[in-house]
Amino acid sequence: MSWIDKILPSGVRSEESGKRSSVPEGLWKKCVKCDAVLYRPDVVRNNDVCPKCDHHMRIGARRRLAIFLDKDGHEEILTDIEPVDRLKFKDKKRYRDRLTAAQKSTGEKDALIAMRGTLRGLPVVCVAFEFNFHGGSMGYAVGEKFTRAAQLALEEGIPMVCFSASGGARMQEALISLMQMAKTSAVIERLKLQSVPYISVMTDPIYGGVSASLALLGDINVAEPDARAGFAGPNIIEQTIRQKLPKGFQRSEFLLEHGAIDMIVHRCDMRDTIGGLLAKMTHQEMGPPDEAPPEEEDAVTATGDE
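Since the structure is predicted, the reported quantities are computational estimates derived from the model, not experimental observations.

Parameters at a glance
Residues numbered from 1 in each chain as written. Predicted model: local features only at pLDDT ≥ 70, side-chain atom pairs only at ≥ 80, totals over all residues. Heavy atoms only, no water. Salt bridge = Lys/Arg side-chain N within 4 Å of Asp/Glu carboxyl O. Helix = DSSP H or I, 4+ residues; strand = E, 2+ residues; numbered from the N terminus. Buried < 20%, exposed > 50% of the residue type's maximum accessible area, 1.4 Å probe, protein only. Pairing = 2+ DSSP bridges. Contact = heavy atoms within 4.5 Å. Axes fitted to C-alpha atoms, helices over the stretch in contact; angles between N-to-C directions. Phe/Tyr/Trp six-rings, centres within 6.5 Å; stacked < 30°, edge-to-face > 60°. Lys NZ or Arg CZ within 6 Å of the ring centre and 35° of its normal. Expected span 1.5 Å × (residues − 1). Core = buried A, V, L, I, M, F, W, Y, C linked by side-chain atoms within 4.5 Å.

Visitor: Any details on the pattern of salt bridges? Residues and values, ideally.
Guide: For the structure on display, the rule yields 21 salt bridges. Its salt-bridge partner being aspartate 110, residue arginine 170 comes within 2.9 Å of it at the nearest N-O pair. Of the two residues, arginine 170 is situated in the loop between β6 (160-166) and α7 (174-193) and aspartate 110 in the loop between α5 (95-106) and β4 (112-119); the sequence distance between them amounts to 60 residues. On the accessibility criterion, arginine 170 (2% relative accessible area) is buried.

Visitor: Describe the sheet that holds strand β8 (residues 220-223), listing the residues and the values that go with them.
Guide: With mixed pairing, the seven strands of this open sheet are ordered in space as β3-β4-β5-β6-β7-β8-β9. In the strand order of this sheet, the two ends are held by β3 (75-77) and β9 (263-264), each with one partner. Relative to β4, β3 runs antiparallel, the two being bridged by three bridges. The partner of glutamate 75 across the bridge, within β4, is arginine 116. Strand contacts of helix α11 (residues 270-282): β4, β5 (122-129), β6, β7 (198-206), β8 and β9, with the helix running at about 155° to β7, the strand carrying the most contacts.

Visitor: Requested: an account of helix α4 (residues 61-68), with residues and values cited.
Guide: Three or four residues apart is the spacing at which side chains of an α-helix point the same way, because the helix has 3.6 residues per turn. Of all eight residues in α4, six are buried, a share of seventy percent or more. Taken residue by residue, α4 has Ala61, Arg63, Arg64, Leu65, Ile67 and Phe68 as its buried positions.

Visitor: I'd like a rundown of unusual backbone geometry, residues and numbers included.
Guide: Going from aspartate 204 to proline 205, the amide bond is cis rather than trans, its omega being -5°. As for its placement among the helices and strands, proline 205 is situated in strand β7. Residues other than glycine seldom take positive phi values, yet aspartate 226 does so here, at roughly 65°. Inspection of the secondary structure assignment puts aspartate 226 in the loop between β8 and α9 (234-241).

Visitor: An account of the environment of methionine 286 is needed here, citing residue identities and associated values.
Guide: Of note, methionine 286 is situated in the loop between α11 and α12 (296-302). Residue classification places methionine 286 among the partly exposed residues on the basis of a relative accessible area of 31%.

Visitor: Just give me the short version of the packing of aromatic side chains, but keep the residues and values in it.
Guide: The full count for this structure, using the stated rule, is four aromatic pairs. Ring centres of tryptophan 28 and tyrosine 39 lie 5.4 Å apart, and the angle between their planes is 55°; on these two criteria the pair is classed as tilted. Of this pair, tryptophan 28 sits in strand β1 (residues 28-30) while tyrosine 39 is found in strand β2 (residues 37-39), placing the two residues eleven residues apart along the sequence. By relative accessible area, tryptophan 28 is classed as exposed at 51%. Its relative accessible area of 24% is what places tyrosine 39 among the partly exposed residues. One cation-aromatic arrangement involves arginine 58 over phenylalanine 131; the distance from NZ or CZ to the ring centre is 4.8 Å. For the cation-ring pair, arginine 86 lies above tyrosine 140, with the distance from its terminal atom to the ring centre recorded as 4.7 Å.

Visitor: Can you lay out α11 for me, pointing to particular residues and giving the numbers?
Guide: Helix length check: α11 (13 residues) gives 18 Å between terminal C-alpha atoms against 18 Å at 1.5 Å per residue, within 8%. Here α11 has its buried residues at Met270, Arg271, Ile274, Gly275, Gly276, Leu277, Leu278 and Ala279. Within two residues after α11, histidine 283 carries a phi angle of roughly 60°, on the positive side.

Visitor: Mind laying out the side chain of serine 164, listing which residues take part and the relevant values?
Guide: Looking at where serine 164 falls in the secondary structure, it is placed in strand β6. Given the relative accessible area of 0%, serine 164 is considered buried. Here serine 164 is in contact with Phe129, Ser200, Val201, Met202, Thr203, Ile206, Val210, Leu214 and Ala215, once residues within four sequence places are set aside.

Visitor: Requested: an account of the nonpolar core, with residues and values cited.
Guide: Of all hydrophobic cores here, the largest spans 37 residues; its most connected members are Val127, Phe129, Phe146, Met160, Tyr198 and Leu214. When contributions to this core are tallied by element, the ones reaching two or more residues are α5, β4, β5, α6 (140-156), β6, α7 and β7. The element best represented in this core is α6, accounting for six residues. Ignoring any residue separated from it by four or fewer positions in sequence, one finds phenylalanine 146 in contact with Leu112, Val127, Met160, Cys162, Thr184, Val187, Ile188, Tyr198 and Leu214.

Bear in mind that shape data such as this cannot, by itself, settle questions of function.
Here's what the structure looks like:
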């Protein structure tokens with residue numbers, strides 16, 4: 001109870017509290033870029049992109065896969081893979097305790113979710129990073145799940161799509177984490193040798209070992225607008241080379257201009273664009289276009305943003 005509630009007459013307090021309780025929670029959302037207060041169902045219908053300034057808000061891995069894959073027929077795979085504290089690492093807290101806290105707060109076992117389904121009727125294996133889990137860092141479980149998902153795509157000859165959002169390798173797993181860079185890169189090379197398409201989609205942000213391995217090894221490298229991608233952060237680079245970096249350095253627009261990525265795709269166009277690319281690469285035809293967006297009530301409950 002606030003201080004003003006304490007000095008108001010009891011009848012006024014009960015009346016006001018009744019009014020407040022009738023307003024649904026989470027009905028409004030503020031854009032971190034333009035500070036506009038947005039009606040959440042409108043934001044959800046727009047795939048968590050600000051309708052005012054077009055800022056692509058960060059979203060969770062499950063939400064991203066839900067809006068990317070076809071609604072029917074997709075299923076989560078490789079759910080048995082869990083992180084292991086082989087080094088018994090401890091800094092201010094035990095790594096085991098950090099994992100438990102991250103699992104409790106996100107509801108995920110680790111920072112990567114893998115699903116098998118269809119995209120506009122085309123079969124696909126799709127993985128997405130959960131940035132809220134240790135900054136989407138790549139340890140044993142992430143590398144192993146990515147590798148097995150790629151092997152499944154390889155065995156069945158179906159394309160693979162990866163949505164990356166990561167701070168890099170997980171320092172609590174040391175060399176075990178760094179090994180995942182080579183392991184994921186090797187399986188991507190096997191996909192390429194067997195002509196199985198692999199499309200990498202970079203979302204904000206992508207740094208460290210993930211950017212130096214699986215994120216930039218796609219047959220086609222895609223990025224969302226204004227996403228950041230690089231190995232080291234701009235501040236570290238400036239301190240190292242003692243020079244001021246160009247404006248927009250490491251943003252997707254800068255990377256496209258300098259040939260580091262192939263295209264920038266708006267989130268609302270991601271299904272059609274990648275579906276069209278996969279259709280051409282696999283010599284298949286896409287299914288019919290999407291239906292109308294969900295109703296407001298369904299849209300509010302479907303949201304899973306970070």
